[in-house]
Every structure is written in C-alpha cells, then in structure tokens.
Protein chains: 2
Amino acid sequence: MGIRSVAVIGLGLIGGSLARDLAARGVRVLGYDRDPLHLQSALAAGILRKGLDDSLEGLAEAEIVVLAVPVSAAPDVLRRAEPWLDRARLVTDVGSTKQSTVAAAERLGIGNRFVGSHPLAGDHRSGWAASRTGLFSGARIFLCPAPSAHEEAVVLARDFWRSVGAIPEPLDADTHDRRLAWTSHLPQAVSTTLALVLADAGIERSQLGAAGREMTRVAGSSPEMWTAIALDNAAVLADAVAAVESRLRAFRRALGSSDAAGVHECFAGGQQWAARDRAD
Amino acid sequence: MGIRSVAVIGLGLIGGSLARDLAARGVRVLGYDRDPLHLQSALAAGILRKGLDDSLEGLAEAEIVVLAVPVSAAPDVLRRAEPWLDRARLVTDVGSTKQSTVAAAERLGIGNRFVGSHPLAGDHRSGWAASRTGLFSGARIFLCPAPSAHEEAVVLARDFWRSVGAIPEPLDADTHDRRLAWTSHLPQAVSTTLALVLADAGIERSQLGAAGREMTRVAGSSPEMWTAIALDNAAVLADAVAAVESRLRAFRRALGSSDAAGVHECFAGGQQWAARDRAD
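Below, the structure is looked at part by part. (Residues numbered from 1 in each chain as written. Chains lettered and ligands numbered in written order. Predicted model: local features only at pLDDT ≥ 70, side-chain atom pairs only at ≥ 80, totals over all residues. Heavy atoms only, no water.)

**Describing the overall build of chain A**
What chain A contains, in helices and strands, is ten helices and eight strands. Taken over C-alpha atoms, the radius of gyration comes to 21 Å for chain A, in line with the 19 Å a tight globule of 280 residues would show. Each principal axis of the C-alpha atoms in chain A carries an extent, and together these give about 70 × 40 × 35 Å. Carbon together with sulfur atoms contributes 49% to the accessible area of chain A, which is approximately 10800 Å² in total. Treating the 30 positive side-chain charges of chain A as one cloud and the 32 negative ones as another, the clouds have centres 4 Å apart. (Helix = DSSP H or I, 4+ residues; strand = E, 2+ residues; numbered from the N terminus. Rg over C-alpha atoms; globule rule 2.2 N^0.38 Å. Areas by Shrake-Rupley, 256 points an atom, 1.4 Å probe, with all protein chains shown as cover. Lys, Arg positive; Asp, Glu negative; His and termini not counted. Charge placed at Lys NZ, Arg CZ, Asp CG, Glu CD.)

**Structural notes on the interface of chain A and chain B**
Chain A puts 76 residues into the contact, and the matching count from chain B is 76 residues. For the chain A and chain B pair, buried surface summed over both sides reaches about 7300 Å², with 70% attributable to carbon and sulfur atoms. For the interface between chain A and chain B, the tally reads 14 salt bridges. Among the salt bridges present, the one from R249(A) reaches E245(B), with a minimum N-O distance of 4.0 Å. On inspection of chain A and its partner chain B, the count reaches 18 residue pairs in polar contact (both at pLDDT 80 or more). Contributions of two or more residues to the side of chain A that touches chain B are made by α6 (173-200), α7 (210-215), α8 (223-232), α9 (234-256) and α10 (260-275) of chain A. Broken down by element, the side of chain A that touches chain B gets its largest block of residues, 18 residues, from α6(A). The class makeup of the residues in the side of chain A that touches chain B is 41 nonpolar, 19 polar and 16 charged. (Contact = heavy atoms within 4.5 Å. Buried area = accessible area lost by both parts, 1.4 Å probe. Salt bridge = Lys/Arg side-chain N within 4 Å of Asp/Glu carboxyl O. Polar contact = N/O pair within 3.5 Å; in protein donor to acceptor, adjacent residues only side chain to side chain. Nonpolar A, V, L, I, M, F, W, Y, C, P; charged D, E, K, R; others polar.)

**Description of the sheet that holds strand β4 (residues 64-67) of chain A**
Residues and elements named next belong to chain A. Reading across the sheet, the five strands line up as β3-β2-β1-β4-β5 and stay open at both edges, with parallel pairing between neighbours. A strand with exactly one partner marks an edge of an open sheet, and here the two such strands are β3 (50-51) and β5 (90-93). The sheet contacts of helix α5 (residues 151-163) involve β1 (5-9), β4 and β5, and relative to β5 the element is tilted by about 55 degrees. (Pairing = 2+ DSSP bridges. Axes fitted to C-alpha atoms, helices over the stretch in contact; angles between N-to-C directions.)

Dropping the structure here:
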C-alpha cells in the first residue's frame, strides 16, 4: 500500500481500534478527538504520533484521512477538514449510513478521493476505552465510492482495509443504506424497543433468560450514534419497523383467537428461515 | 436425597440432558419417548437402565417422575401416567408455563406430590441429539408447587434439582406464567417476528451483522414447543406483544416526523435500562 501517514478523526471504538491497528503496523497515525481526554489517552498509549487541534490543520500531512464520528457530525467535520485535504489520496469514513456522507463529499468537491466505508465490526460498547487491536480482523466492510471517485482512491480504500484484516465488499451507497436498514438498523431498533417495553413492565435485565439477554444486549449501544443513524435512514427504517408491527399484530391476533395453526405458522416460518443458515 | 430410581418421560434436549446427569450420578434412570429412535439411542448410550412402553406401566418403579414433553402434551401424559404413580414421591415437569400443568395434576388427584419445574436452561437446539451433561449446572429453576403439594414433595424437588447443579427459586404458578410472558416468551416472539420480517424482505440470515444474528438465533427453536407455550400463556403474552407494537409505532412516528429528541429518547431509554445490568 505504501502509505506512511494516516489521520483518524474521532477516537471512539472504531476510530481508536483502527489507530491501534495502524500504529502496530508502523504507520504514522495522526489523531483528533473533540474530547481532550481521549486524545491524551491515545497519545499517552503511544498510538498517536501527533494530536491535531480543533483547526484540523495537521490533516495536511496525511495521505489517508478517516472520519470516525457519528454520521450526523460527518458532513460538518468534512467541511472543516476540506481546506487541509490537498495531499490526501483517500478520504473515508466508517458510518453505518452512506448516502448522506457521500453526498456531502461530492458537494465539497472531494468526491474524486472519497470512498465511504462501513465496517461490520464493534459491539455495544463505545469510546476510546473500548478500542482494541484486531477489531477488523475477518470483518466484512462495505465500500461505497462517491460517484466521482477515481479508480486510484477505490483501490487504495480496498488495500487500506485489507491491511487491517477486513474483507471489503463494494456496494453503491443507496443499495447499502436500503439493505442495512433491514440487516442492522432494524435489529437495533427492535432490541431497543424490547428493552423499553421490559423497562415499562418493571423487569430488570438480570431477570431474563439467555434469549432475552442476547436480544437486549445491543440496546446498550450509544444512543447518540444510533439516533444519528436512524434519522439518516429514517424512511427505509420506518418501513422496516412497520413490517415488524404488522407481523406482531398478526401473531397477537392468532393468539387472541386461539388459532393454533396460525401461531404454529409463525414459529415454523421463523424456524425455517433460521435453519437455512448453518453457521450456528 | 436417597433417590435410586427416576423416570423421565420425553428424551429431548431437557429430558435427555437430565437423564444423562442422573445416570452419571448413579441413579437408575427409566425412560420413555414416543419416538422409538430416541429411546433406542438413550438405551444404547447406557443412559437408560430400562425403556418404558406406551402403557407407561414401568413408571410404577420410579420414586420421581419427570415429564419433559411440550406443555400442550403434559395434561394427557399425566393422565396416562396417573395409574402408575402410587410409589412416586415427586411428580414434576419442565415446561415453560406452569398453571395448566399444575391444574391438571390437581384434577388428577396427584397435586399432593406435584411440584412443577421450569429450568432456565437449553437453547435453540432440540431433541435427544442436542442433549448433554451439565446443562443445568448453575441454571436457575423455578419451582411451582401444586396448591395441595406436601412439604416433603417440595423439599424433594429442591434437593433433586440441586443434585444436578440447578439453583431452585420457589414461585407460584400464576406469578411464574405472568413473569415469564415478559422475560422469556416475549423475547422468543420478537425473535421469531424479526425472522419472519427479514424472510419477507428477502434477507438471508448470513447477511446480518452480529446484532441481527444474535437477535434471530432463538427463532430457530422448536415451533411445536413454542406454539404450545404461546397458546398456554396467550392472554398475558398478547398484552406483552401489544406493548411492543405500541413502542414500535411511537418510534416509527418519531422517525417519520424527524423528531430527533423523540428518537434519542428511545435509544437513551433502552440504553439506560441495559446499563443497570452489569453482567456483560
């Protein structure tokens, strides 16, 4: 890849873990976080070679710039970074929605070097304290180039993520956001909803069995991050949520009328779908 | 405990695992399964000392009789077993609902020796092939005595489950069924529903991230078992399902009106509830 200098903006779980992996591979990592404590921790750990100040001026030294901030903050951070991106061969992000950030990059005139990234990595923990090496090892990562992205930037993005062990999969931003509404944002919304309902009912999480515990684990994820994702993908996510409401209503009605065949059809349908997947 | 002979009716995940644990402790285990292949496997593995035929006559030798059949089958199996229970000091079951089985035992005149059990053990796999030793080690188990149960039967049930490593918690059957509707049956219904919705949308389970995968794992559980549980606890479960529908609708409306505060309130509420539990 031949990259010597990478800047990471936002040193949370994803950004912090990426900085750790890059530093371990001898890359010179520059970093920024709006929380000075995170920045100091990353410097003290020897992960960052240089901390950037609020001007972001130091980005001018980086060949690759990675935004690892909530998707709602990405357009503004891109705007503040733009004056210092002349030397950057690749600008990317790690958000769970891609259309709005790709569009912001195009508007700022840096679409030729912008390839959005979405690593399927991380868990319900967040912040620098949760960051660790090896987070991307074996993880799928969607790469969504801006419409005007140069081939060189696309190849560099692929090689960059492979260098930390991720498995890149190209996808246009629109398809990405539609698919992730169902495969990721909906499961999160359902976990959160189940948590709210159990809270309303006065149930503590420690009272749950194994199934309830695993179904409410990601409800513990960062509300700020997920509010931004949900709002950014609101229309498709709302359709997916409506589909769950409709299926729940049908199940409830089958229960209410003691319709054994209808109730069985629900459990059998879910079981058949799950059984097509042999991974666990 | 001083028990030498236990009969297990139904050699699936729970019954089979219990038989394995008892055999490993030197207890003489008698067994029955309506599937002759399961019965033969358990005999061939040296777990059962004796297989029972459809008459259930052999139950007359057992000091403890355990029903490990779907809750919908339990009343009928109890009725068939009743003529052979003169020697039994304890009759119990392992179903996820308790009121209907406890009531059936009372109707049959064996309430004095009936203590319903519900071990919080097992997973989405089922059948003899999934059974294993140690399944109950450290698992909570609810014990729901019949109203007319003798103290001796209650003490014996506690000691019996402790002997295989479970942690007994007494609870009356009504309270049990109400609580489990929320802590267990609702999470299962939500997992099944999410699986159905993803199937409708043409999504394969292998496309999901970690959160989606763990939220749809128990959708792979036995449809027969869960249909019986859901119908047996239909009224309370329907209320719980309606609560999820209502919370989902509110979330969807907040999305639809770009109500950032409303969306954040959902994610933050779920996160705060999850954060009160420190176990993972």
